Amino acid sequence: MAVFERLGMSQLFRGPALVVLLSFFPTLARAAFLSYFLIFLSERFKLSVDQIGLFVGGFILLSSISSLVIGAILDRVGIKRLMLSSSAIQSSVYAALLLSDSLVLVFILCLVLNLAYLSLETTVRMYIARQFIAAQTASVLSFKYTLTNTAYALGPLVGFWLNKQGASPLLFCSVATLIFVLIPGRPFAESGRSVQQNADNEGLLASLAIMAKDKKLLKFTIASILLAGVFGQFHLYVGQYLLTVHTAAQMYEIISAVFVTNALTSILLQYLIGRRVRAERFRLWMCSCVLAFGVGLLGFAFSSTLLAWVVFTVIFTVGEIIIQPLEFLYITHIAPVHMAGAYYSSQNLTYVGAASTPVICGFILANFSSVYFLLYLLVLLIAGGVIFYKEGGKLTFPKVTQPRSGGAVGDQRSI
């Protein structure tokens, strides 16, 4: 505990702040599920690789777009109720998938599962914004991303091990998700301010109309989608690229090193770097992010050794580490207090950019030189970076008094 006190994170181990820690378990369940789900579809329904890709991509994209409507609903329900219901729904769906023999039913269940997971993630972000003061937000968020990266590193290993032992990972996922209910199930106070604001909200359609007219949100969404096209599924497009320039054996060796390096770098550096990200220095951090992505991409294009791939993966991952808290701080700054859930849910549209790149990558690599694919990624990077840079210069920060030392003080935040 002394280590966390020195890092300024001791407040995460007491009281309702344990919600941030326990968010690890739904993500661990999701990571184990996604890795096993490919085997599940192949063995139970005999789907081919391309059919599996369409199936998975379909429910992820559909749920990402639908989450905009869900986000507007989140602003009308208490955070505690959202946490409990989202966890219970995920646990129930994992259990139901064990008994499902209809592919249509499985698709519907997966759609509900992904919506519940995205809703829970949005709720946790809302909770962080309300529960912690501005000076703590980047640290708390970076700690959460460290837990998320750890879950995605461990989840596939757990899923494959359980499957090898003859046990269904779906049962593990159902139980792991329920662990999150333990702390949210205990009473904790929600600020009267947020409850009153929720009571005075506009209608659902009115909320969506406000979002559609918000130019800041529109530019944020476009920039996020563009940048997500660069880093959202880089493991997939790197593997596709490697298949065009190396043998299958060389590709497997390099992509394995890229996976491990990306996971370890995220786990080790997310908190150390991410906690220093500040919205007041948005442009500086955005330039650092774009530079890291750019150097990483150029390195991938010209790397000829395994060591070079490892080095440039580390640099590229630093860009990922920066962009995650940076996007959160930006959306927190522009979101109206009573529409936090709707605005945070808009971040889920980044899946559109992440999902599109492997498709476009396959088309370019199959019909043109790989140089054109590098140019495509650089265009996405520069376009998204320029939009964020210009909009970051328009952010204003009112002077505030120095907060008292101690734990979370929700009333000092705008959300």
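See above for the structure.
Here's what I pulled together on the structure shown here. Computed from a predicted model, the values in this text were never measured in an experiment. (Residues numbered from 1 in each chain as written. Predicted model: local features only at pLDDT ≥ 70, side-chain atom pairs only at ≥ 80, totals over all residues. Heavy atoms only, no water.)

### So, the nonpolar core
To keep things clear, this is the line we draw: Working definition of a nonpolar core: buried Ala, Val, Leu, Ile, Met, Phe, Trp, Tyr and Cys residues. They are joined through side-chain atoms within 4.5 Å. Relative accessible area decides the class of each residue, using a 1.4 Å probe on protein chains only: under 20% of the type maximum gives buried, over 50% gives exposed, and in between gives partly exposed. Counting from the N terminus, the helices are DSSP H or I runs at least four residues long and the strands are E runs at least two residues long. Residue contacts are defined here by distance: any two heavy atoms, one from each residue, within 4.5 Å place the two residues in contact.
In terms of nonpolar packing, the biggest core is built from 72 residues, with Tyr237, Leu297 and Phe316 touching the most fellow members. The dominant element in this core, judged by the number of residues it contributes, is helix H15 (residues 306-334), at 10 residues. When near neighbours in sequence (up to four residues on either side) are disregarded, Phe316 contacts Val230, Phe231, Phe234, Tyr237, Ala292, Phe293, Gly296, Leu297 and Phe300. In terms of nonpolar packing, the next biggest core, distinct from the first, is built from 24 residues, Phe37, Phe55, Ile60 and Cys110 among them.

### Some words on the environment of Val124
Tracing the backbone through its elements, the reader meets Val124 in helix H6 (residues 103-131). Of the residues examined, Val124 reaches a relative accessible area of 0% and is grouped as buried. For the pair Val124 and Ile79, spaced 45 residues apart in sequence, the C-alpha separation works out to 8.4 Å. Here Val124 is in contact with Ser23, Lys144 and Phe180, once residues within four sequence places are set aside.

### Side note on unusual backbone geometry
One non-glycine residue with positive phi stands out, namely Lys46, at about 55°. Judged by relative accessible area, which is 64%, Lys46 ranks as exposed.

### Focus: a nonpolar patch on the surface
Definition in use: Like-charged residues within 9 Å of one another, or nonpolar side chains (Val, Leu, Ile, Met, Phe, Trp, Tyr) within 5 Å, are grouped into patches, provided each residue has over 30% relative accessible area and no salt bridge. The Shrake-Rupley method, run with a 1.4 Å probe, gives the accessible areas here. Residue values count only the displayed protein chains as cover. Definition used for salt bridges: Asp or Glu carboxyl oxygen within 4 Å of a side-chain nitrogen of Lys or Arg.
Together, Phe363, Phe368, Val371, Tyr372 and Leu375 make up an exposed nonpolar region whose accessible area comes to about 540 Å². For the nonpolar patch, the leading source of residues is helix H18 (residues 370-392), giving 3 residues. Secondary-structure assignment places Val371 in helix H18.

### As for empty space enclosed by the protein
Vacant regions in the atomic arrangement are exposed by a probe of water-molecule size rolled over the atoms. What counts here: The method works on a 1 Å grid over the protein atoms by themselves. A cavity is a set of points holding a 1.4 Å probe that cannot get out, a pocket is an open set with protein on both sides within 12 Å along at least five of seven lines, and residues with an atom within 4 Å of a point line them. Grid points are joined across faces, edges and corners, and a volume is the space filled by probe spheres set on the points. Nonpolar residues are Ala, Val, Leu, Ile, Met, Phe, Trp, Tyr, Cys and Pro. Charged residues are Asp, Glu, Lys and Arg, and all others, Gly as well, are polar.
This structure, assessed with the given rule, holds 1 cavity of 30 Å³ or more. Reported here for the largest cavity is a volume of approximately 40 Å³. Of all the secondary structure elements, the ones that give two or more residues to the lining of the largest cavity are helix H3 (24-45) and H6. Partitioning the lining of the largest cavity into residue classes produces 6 nonpolar, 1 polar and 1 charged.

### Some remarks on the environment of Ala88
Examined against the element boundaries, Ala88 turns out to sit in helix H5 (residues 79-99). Separated by 86 residues in the primary sequence, Ala88 and Ser174 place their C-alpha atoms 9.0 Å from one another.

### What about the pattern of salt bridges?
Under the definition given, this model contains 2 salt bridges. Lys219 is paired through a salt bridge with Glu391; the nearest N and O atoms lie 3.3 Å apart. With Lys219 in helix H11 (residues 215-231) and Glu391 in helix H18, this pair connects stretches of sequence that are 172 residues apart. Judged by its relative accessible area of 32%, Lys219 falls in the partly exposed class.

### Overview of the packing of aromatic side chains
Think of a pair of aromatic rings as described by two things: how far the centres are apart, and how the planes are tilted against each other in angle. Defined as follows: Each Phe, Tyr or Trp ring, with Trp reduced to its six-membered ring, pairs with another whose centre is within 6.5 Å; inter-plane angles below 30 degrees give stacked pairs, above 60 give edge-to-face pairs, and intermediate values give tilted ones.
Using the criterion set out here, one finds 27 aromatic pairs in the structure. Ring centres of Phe37 and Phe55 lie 6.0 Å apart, and the angle between their planes is 45°; this geometry places the pair in the tilted category. One end of the pair, Phe37, is in helix H3; the other, Phe55, is in helix H4 (residues 49-74), with 18 residues separating them in the sequence. Summarising the burial analysis for this pair, Phe37 and Phe55 share the class buried.

### Observations regarding helix H14 (residues 282-302)
Applicable threshold: For a helix, the expected span equals 1.5 Å multiplied by the residue count minus one.
Here H14 contains 21 residues, and its C-alpha end-to-end distance of 30 Å stays within 8% of the 30 Å for a straight helix at 1.5 Å per residue. Buried within H14 are the following residues: Phe282, Trp285, Met286, Cys289, Ala292, Phe293, Gly294, Gly296, Leu297, Gly299 and Phe300. In this structure, the buried residues of H14 make contact with H11, helix H12 (234-245), helix H13 (248-274), H15 and H18.

### Here we look at the side chain of Thr350
Along the chain, Thr350 falls in helix H17 (residues 350-367). Here Thr350 is in contact with Ser224, Ile225 and Ala228, once residues within four sequence places are set aside.

### A closer look at the side chain of Ser345
Note on placement: Ser345 falls in helix H16 (residues 340-345). In contact with Ser345, not counting residues within four places along its chain, are Ser67, Leu68, Gly71, Leu74 and Thr122.

### Considering the environment of Thr150
Counted only if it meets this: We call two N or O atoms a polar contact when they sit within 3.5 Å, provided that within protein one can donate a hydrogen and the other can accept it, with sequence-adjacent residues counted only if both atoms are side-chain atoms.
Mapped onto the elements of the fold, Thr150 is located in helix H7 (residues 134-164). Sequence separation of Thr150 and Ile267 is 117 residues, and the distance between their C-alpha atoms is 6.2 Å. Excluding its chain neighbours within four sequence positions, the residues that come into contact with Thr150 are Phe24 and Ile267. In this structure the side chain of Thr150 is engaged in a polar contact, spanning 2.8 Å, whose partner is the backbone oxygen of Thr146.

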